[in-house]
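What follows is each chain in one-letter form.
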Amino acid sequence: MADQIPLYPVRSAAAAAHRKRAAYYSAAGPGSGAEWPSSRYQLEDESAHLDEMPLMMSEEGFENDESDYHTLPRARTARRRRGLERFVCGGWKLLCTSCCDWLVNICQRKRELKARTVWLGCPEKCEEKHPRNSIKNQKYNIFTFIPGVLYEQFKFFLNLYFLVVSCSQFVPALKIGYLYTYWAPLGFVLAVTIMREAIDEFRRFQRDKEVNSQLYSKLTVRESKNSIGHGISEDVRKSSGLFYCGPLAPRGSGGSQSWQKRPLHSASSCFIRTDQLDGETDWKLKVAVSCTQRLPALGDLFSISAYVYAQKPQLDIHSFEGTFTREDSDPPIHESLSIENTLWANTIVASGTVIGVVIYTGKETRSVMNTSNPKNKVGLLDLELNQLTKALFVALVALSVVMVTLQGFVGPWYRSLFRFLLLFSYIIPISLRVNLDMGKAAYGWMIMKDESIPGTVVRTSTIPEELGRLVYLLTDKTGTLTQNEMVFKRLHLGTVSYGADTMDEIQGHLRNPCPQMQSQAGGNNASSTPPRKAQSSAPKVRKSVSSRVHEAVKAIALCHNVSPVYESRAGVGGEAEYAEADQDFSDGNRTYQAASPDECGNMAREGLRTLVVAKRALTEEQYQDFESRYSQAKLSIHDRALKVAAVVESLERQMELLCLTGVEDRLQADVRPTLELLRNAGIKIWMLTGDKLETATCIAKSSHLVSRTQDIHIFRPVTNRGEAHLELNAFRRKHDCALVISGDSLEVCLKYYEHELAELACQCPAVVCCRCSPTQKARIAKLLQHHTGKRTCAVGDGGNDVSMIQAADCGIGIEGKEGRQASLAADFSVTQFRHIGRLLMVHGRSSYKRSAALGQFVMHRGLIISTMQAVFSSVFYFASVPLYQGFLMVGYATIYTMFPVFSLVLDQDVKPETAMLYPELYKDLTKGRSLSFKTFLVWVLISIYQGGILMYGALLLFESEFVHVLAISFTALILTELLMVALTIRTWHWLMAVAEVLSLGCYVASLAFLNEYFDVAFITTVTFVWKVSAITMVSCLPLYVLKYLKRKLSPPSYTKLTS
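Residues numbered from 1 in each chain as written. Predicted model: local features only at pLDDT ≥ 70, side-chain atom pairs only at ≥ 80, totals over all residues. Heavy atoms only, no water.

- As recorded in an unreviewed UniProt entry, the protein chain goes by the name Phospholipid-transporting ATPase, listed as coming from Acinonyx jubatus.

1. A word on the overall build of the protein chain
- Across its full length, the protein chain holds 42 helices and 28 strands.
- Per-residue burial over the protein chain gives 49% buried out of 1059 residues.
- Element-wise, carbon and sulfur atoms account for 58% of the exposed surface of the protein chain, whose accessible area totals about 50,700 Å². (Helix = DSSP H or I, 4+ residues; strand = E, 2+ residues; numbered from the N terminus. Buried < 20%, exposed > 50% of the residue type's maximum accessible area, 1.4 Å probe, protein only. Areas by Shrake-Rupley, 256 points an atom, 1.4 Å probe, with all protein chains shown as cover.)

2. A word on helix 41 (residues 1022–1049)
- Between the first and last C-alpha of helix 41 there are 40 Å, a value that for 28 residues agrees with the 40 Å anticipated at 1.5 Å per step.
- Where helix 41 bends most, at Val1034, the angle is about 30°, and the proline Pro1038 comes one to four residues later.
- Within helix 41 the residues assigned to the buried category are Phe1024, Lys1027, Val1028, Ile1031, Thr1032, Ser1035, Cys1036 and Leu1039.
- Buried-residue contacts for helix 41 involve helix 37 (933–957), helix 38 (962–984) and helix 40 (1016–1019). (Expected span 1.5 Å × (residues − 1). Bend = angle between axes of the 7 residues up to and from the residue. Contact = heavy atoms within 4.5 Å.)

3. A word on the sheet that holds strand 8 (residues 306–310)
- Strand order across the open sheet formed by 4 strands is 1-8-9-10, with antiparallel pairing between neighbours. A strand with exactly one partner marks an edge of an open sheet, and here the two such strands are strand 1 (116–119) and strand 10 (333–337). Averaged over all pairs of adjacent strands, the angle between strand axes in this sheet comes to 20°, irrespective of strand direction.
- Summarising the sheet, strand 1 and strand 8 pair through 4 bridges and their orientation is antiparallel. Across the sheet, Val118 pairs through a bridge with Val308, a residue of strand 8. (Pairing = 2+ DSSP bridges. Axes fitted to C-alpha atoms, helices over the stretch in contact; angles between N-to-C directions.)

4. Overview of the nonpolar core
- Grouped together as the largest cluster of nonpolar side chains are 92 residues, with contacts concentrated most on Ile812, Phe828, Leu839 and Leu840.
- Other than its neighbours up to four places away in sequence, Leu840 contacts Leu467, Leu470, Leu678, Ile683, Ile812, Arg845 and Tyr922.
- Among the nonpolar cores identified, the runner-up in size contains 39 residues, and Val718, Phe731, Ile780 and Ala822 belong to it. (Core = buried A, V, L, I, M, F, W, Y, C linked by side-chain atoms within 4.5 Å.)

5. Notes on the pairing of strand 22 (residues 684–688)
- In terms of burial, strand 22 is a largely internal element, 4 of the 5 residues being buried.
- Pairing of strand 14 (residues 470–475) with strand 22 involves 4 bridges; the strand directions are parallel. Looking across to strand 22, one finds that Leu473 is bridged to Ile685.
- Across 4 bridges, strand 22 lies against strand 25 (residues 766–770) in parallel orientation. Residue pairing across strands places Leu688 opposite Cys769, the latter belonging to strand 25.

6. As for the sheet that holds strand 13 (residues 457–458)
- Taken in spatial order, the 9 strands make up an open sheet running 13-28-27-26-14-22-25-24-23, and their pairing is mixed. The sheet terminates laterally at strand 13 and strand 23 (712–714), the two strands that pair on one side only.
- Sheet topology note: the strand 23/strand 24 (residues 738–742) ladder contains 3 bridges and is parallel. What sits directly across from His713, in strand 24, is Leu739.

7. Looking at the packing of helix 24 (residues 671–680) against helix 32 (residues 835–875)
- Following both chains from N to C, one finds helix 24 and helix 32 inclined at 30°, their axes separated by 9 Å at the closest point. The angle between the axes of helix 24 and helix 32 places the two elements in the roughly parallel class. The crossing of helix 24 and helix 32 is left-handed. Here Thr674, Leu677 and Leu678 of helix 24 come into contact with helix 32, specifically with Gly837, Leu840 and Met841.
- Its residues assigned to classes, the contact of helix 24 with helix 32 shows 4 nonpolar, 2 polar and no charged. (Parallel < 35°, antiparallel > 145°, perpendicular 65-115°, else oblique. Left-handed = near helix turned anticlockwise from the far one by under 90°. Nonpolar A, V, L, I, M, F, W, Y, C, P; charged D, E, K, R; others polar.)

8. A few points about empty space enclosed by the protein
- With the rule as written, the count across this model stands at 8 cavities of 30 Å³ or more.
- Forming the boundary of the largest cavity are 17 residues, of which Ile176, Tyr426, Pro882, Tyr884 and Met889 lie nearest the centre.
- Mapped by element, the contributors of at least two residues to the lining of the largest cavity are helix 9 (180–212), helix 15 (413–423) and helix 32.
- Sort the elements by how many residues they give to the lining of the largest cavity and helix 32 lands first, with 3 residues. (1 Å grid on protein atoms, 1.4 Å probe; cavity = no way out; pocket = protein on both sides within 12 Å on 5 of 7 lines; lining within 4 Å. Points joined across faces, edges and corners; volume = space filled by probe spheres on them.)

9. Structural notes on the side chain of Gln785
- Position of Gln785 among the secondary structure elements: in helix 29 (residues 774–788).
- In terms of polar contacts, Gln785 uses its side chain to reach the side chain of Thr792, at 3.2 Å.
- Apart from the residues lying within four places of it in its own chain, the contact partners of Gln785 are Lys375, Lys790, Thr792, Ala807, Ala808 and Asp809. (Polar contact = N/O pair within 3.5 Å; in protein donor to acceptor, adjacent residues only side chain to side chain.)

10. So, the packing of aromatic side chains
- Considering all chains together, one arrives at 24 aromatic pairs under this definition.
- Between Phe320 and Trp344, the aromatic rings sit 6.0 Å apart at their centres with planes inclined by 75°, giving edge-to-face as the arrangement. Of this pair, Phe320 sits in the loop between strand 8 and strand 9 (322–326) while Trp344 is found in the loop between strand 10 and strand 11 (348–351), placing the two residues 24 residues apart along the sequence. By the burial criterion, Phe320 is buried, and Trp344 matches it.
- Ring centres of Phe420 and Phe424 lie 5.9 Å apart, and the angle between their planes is 20°; this geometry places the pair in the stacked category. (Phe/Tyr/Trp six-rings, centres within 6.5 Å; stacked < 30°, edge-to-face > 60°.)

11. Quick notes on a positive patch on the surface
- There is a patch of like positive charges on the surface, built from Lys923, Lys927, Arg929, Lys934 and Lys1046.
- Secondary-structure assignment places Lys1046 in helix 41.
- The class for Lys1046 is exposed, based on a relative accessible area of 60%. (Patch = residues over 30% accessible without salt bridge, like charges linked within 9 Å, V, L, I, M, F, W, Y side chains within 5 Å. Salt bridge = Lys/Arg side-chain N within 4 Å of Asp/Glu carboxyl O. Lys, Arg positive; Asp, Glu negative; His and termini not counted. Charge placed at Lys NZ, Arg CZ, Asp CG, Glu CD.)

12. With respect to the packing of helix 28 (residues 754–762) against helix 29
- The interhelical angle for the contact between helix 28 and helix 29, taken along N-to-C directions, is 85°, at an axis separation of 10 Å. With respect to each other, helix 28 and helix 29 are oriented roughly perpendicular. Judged by residue contacts, Glu754, His755, Ala758, Glu759 and Cys762 of helix 28 engage Arg779, Leu783, Leu784, His786, His787 and Thr788 from helix 29.
- Of the residues that constitute the contact of helix 28 with helix 29, the class distribution is 4 nonpolar, 4 polar and 3 charged.

13. A closer look at the environment of Val118
- Checked against the element boundaries, Val118 lands in strand 1.
- The buried category is assigned to Val118, whose relative accessible area is 3%.
- The spatial distance from the C-alpha of Val118 to the C-alpha of Phe324 is 9.7 Å, given a sequence separation of 206 residues.

14. Focus: helix 9
- Between its terminal C-alpha atoms helix 9 stretches 46 Å, which fits the 48 Å expected from 33 residues at 1.5 Å a residue.
- Within helix 9, burial applies to Thr181, Tyr182, Leu186, Val189, Leu190, Thr193, Glu197, Glu201, Arg204, Asp208 and Asn212.

15. Thoughts on the environment of Gln806
- By the secondary structure assignment, Gln806 is in helix 30 (residues 802–807).
- Given the relative accessible area of 12%, Gln806 is considered buried.
- Taking the C-alpha atoms as reference, Gln806 lies 7.8 Å from Ala778; in sequence the two are 28 residues apart.

16. Details of the pattern of salt bridges
- All told, the structure shown has 23 salt bridges when counted by the stated rule.
- A salt bridge links Lys489 to Glu664, with the shortest nitrogen-to-oxygen separation between them at 3.5 Å. Of the two residues, Lys489 sits in strand 15 (residues 482–492) while Glu664 sits in strand 21 (residues 656–667), which places them 175 residues apart along the sequence.
- Between Arg791 and Asp809 there is a salt bridge, with its nearest N and O atoms 3.6 Å apart.

17. Quick word on a nonpolar patch on the surface
- A surface patch of nonpolar side chains, amounting to about 910 Å² of accessible area, comprises Leu979, Met1033, Leu1037, Tyr1040, Val1041, Leu1042, Tyr1044, Leu1045 and Leu1049.
- The element best represented in the nonpolar patch is helix 41, accounting for 8 residues.
- On the secondary structure map, Leu1042 appears in helix 41.

Structure below.
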């Protein structure tokens, strides 16, 4: 219909426009759901029309008679407005990126993925070679470690600037001070970084080695031979004809698969666990090829001539298409292969043993293809500080140019210019990087020692401040919001409903066989094959409750994949592992997910997972016809899923409804209050799950991710651009409603309307994405980062969440029943979802506030001494001579002021209890007001004022010798810094007081050993004391007064709560 809507209807055609609008509303309304896919859209390719038909961006567009599509998307107009900025700023980046990609493609050519044919026992016939079957999560190797780490450090302007300044000291004409004053801090920063990266890299190497060293048994003609898991594919390719390409069996049950294979021979079926692949802990049934099940011995696999044809490696973990062909039989046997016949990598054989043929190995496996390479995450605060250092560098260059200009460009002025650059280089202090890294380590230690969140582990110590800047929280469902424990809650038979407190009545019905079943049993004894036509033509008799209970329980007992497992160590009794209900066409029963209008909706509103159970009696002819068509559809290589679905749909008619069941997936402890806490903090929560739409909606309601009074807009399935266009416009009319969208529809919208979908979704209070693949989860995280520029956090507990966790700005893994793969790949690991509230509200707030104060104070410490240097040079005829040299400069940044400044990591503006009680305080953190150009300029003005007072005061008060100027100014500088630390502190800690006293004591004690710089006789006089006291008082007292007045006249929001 999109091509039939005129773009700009005239005002005189108001009636026609009204009819057009009514037709659009009727097509998009709720009543058109049944005929929507078939009649709503006519053309598949509408690119030419839709390019001229922008999405309607406001409600007024549908109220205006002139046009339904009159407003351009803001995302597109914003891109047009950039114009010159995009060309200038993005040109260089595009050129560099293109060159790097070209070099990478030259060095690492990706092999083309193709479909392959694998022969049993004949490796020489296998044309497609297997890649090395090993996983590698390491970032570097032995050759790229040092260059890679140095590149990651020096790609930031701050570290690169320090490197250039330090290297300049090797030039005699540019040498200002001692080499250790420049190289010692830089070497310390690099040493700490290299050691930290080396430890992390070694841990990744150990984890990879553990996985790659798993032992498996390889079936040969003569005997079983052990080989290492990561060398299986190579050994198979290099072996002689005695070995065949791939039939393998794990050593004992319970081993994890490191390759992907097809089961060929087993006890007809086995059960596997896929928790490390798709996050589901239930057992799944896998079936072997039927023709190999009839072989008398394993060795007969070598005597047959057969091959497997498999599709090329793909990302989809829920589908597989292939065929198994045996050529030595007459006629040749062809069997279809589907997801039921596959064992993906990272799955575990939970019951039985398997003989399979290897199809995919190494980087061609589904798990590796769905895992993205880990990136080096950089916090937003580090990026902001990097921008501030660039501004300081511009100020440094400008100040040096001014000094050379006032000097008159005499002599080799360029040498003087460079010397001034080195003299004022303390404007950008190298201790900034050291203090911030040490502060991050302290924050990580505090998080892991917090008794309120036991078991929390900080795996990435460089981004604790990100916990205080989050706007979007992307969370998994199964195992993250829920416990992944299913509890049977309700059985509804149409007229009677049984709950958890009335299950004993069902047991009573099952113990007493009903008369109808006894009569059926008698009839079966008389005739082993009852006539089905007579049965169908008999008049319908209303069944009793007992008979309906028997039929419902029998259907539930037959149509499932439950396998009882008895553990010897359990003594008496056993433990049953449950799996999802799969399709079973071998009998007359079939269970399927359906939508029942009344009771099914009531159960869903209670947060229960619903399942409708029905049956249909088939005659022998009907079953044979279905089996023939079903087998033919399964052998199709192209469009197999559509053909199989069409055959199955023909069977799902005229079915007899048996019962409706409700199962509860229990939520994690305190999920509801935690989600409410995060919402009140201004964090928007998106739930990304691989489950069905109905299940995801139920959990979203039961967890209060979506409130009961809130409207939910279910995004209809779309398959092309036209459908996506109109469905997005239909969603545009909804206000303040949660969005539920499937992965297939999401893929189509992201292909054509990425920015428009992101704009609409970001306005929703909550978003639920169901049937999401791991790569789609990661793509959503990247989309939010690119479109909004806000910080995102991903929370998950399974291997399918690793890509999302690595793509987000901050990843949190939960150690649960789905293993530790997500927690090991995450930046922070917690044991329960409710711990995220305290992790963000308390530790995220504290880390950001402390790092912001610490970073700005360290820059102030460099600015004040650079101001004193500028005043000194201007007074003494713009001479490029350093004011303080040698140990004075090293001591100023280390033992004299380091401990008090670093004690700011213990400061806190509000108590943890207050931060948890008032989560609205978190909203201020996302605005970045603690570290901005405004606060930075305030600190610059303070530094200029204090530096000028200290230097001019010392020059005015000194009497005879110039050495007295150094003593007075440097002592006043130390005292001023200690007092400024006390002025910055909001909550005192006893260690802060110890640091202040210790630093002052160290400076006083060192005066006796600084004969080279100070006059010891002068610093012991009363004149020295009162001059230093007067200068310090003038530099600090006005700031204390201003701070007092500000707190009285304009107190911060948190002070109102604490008072």
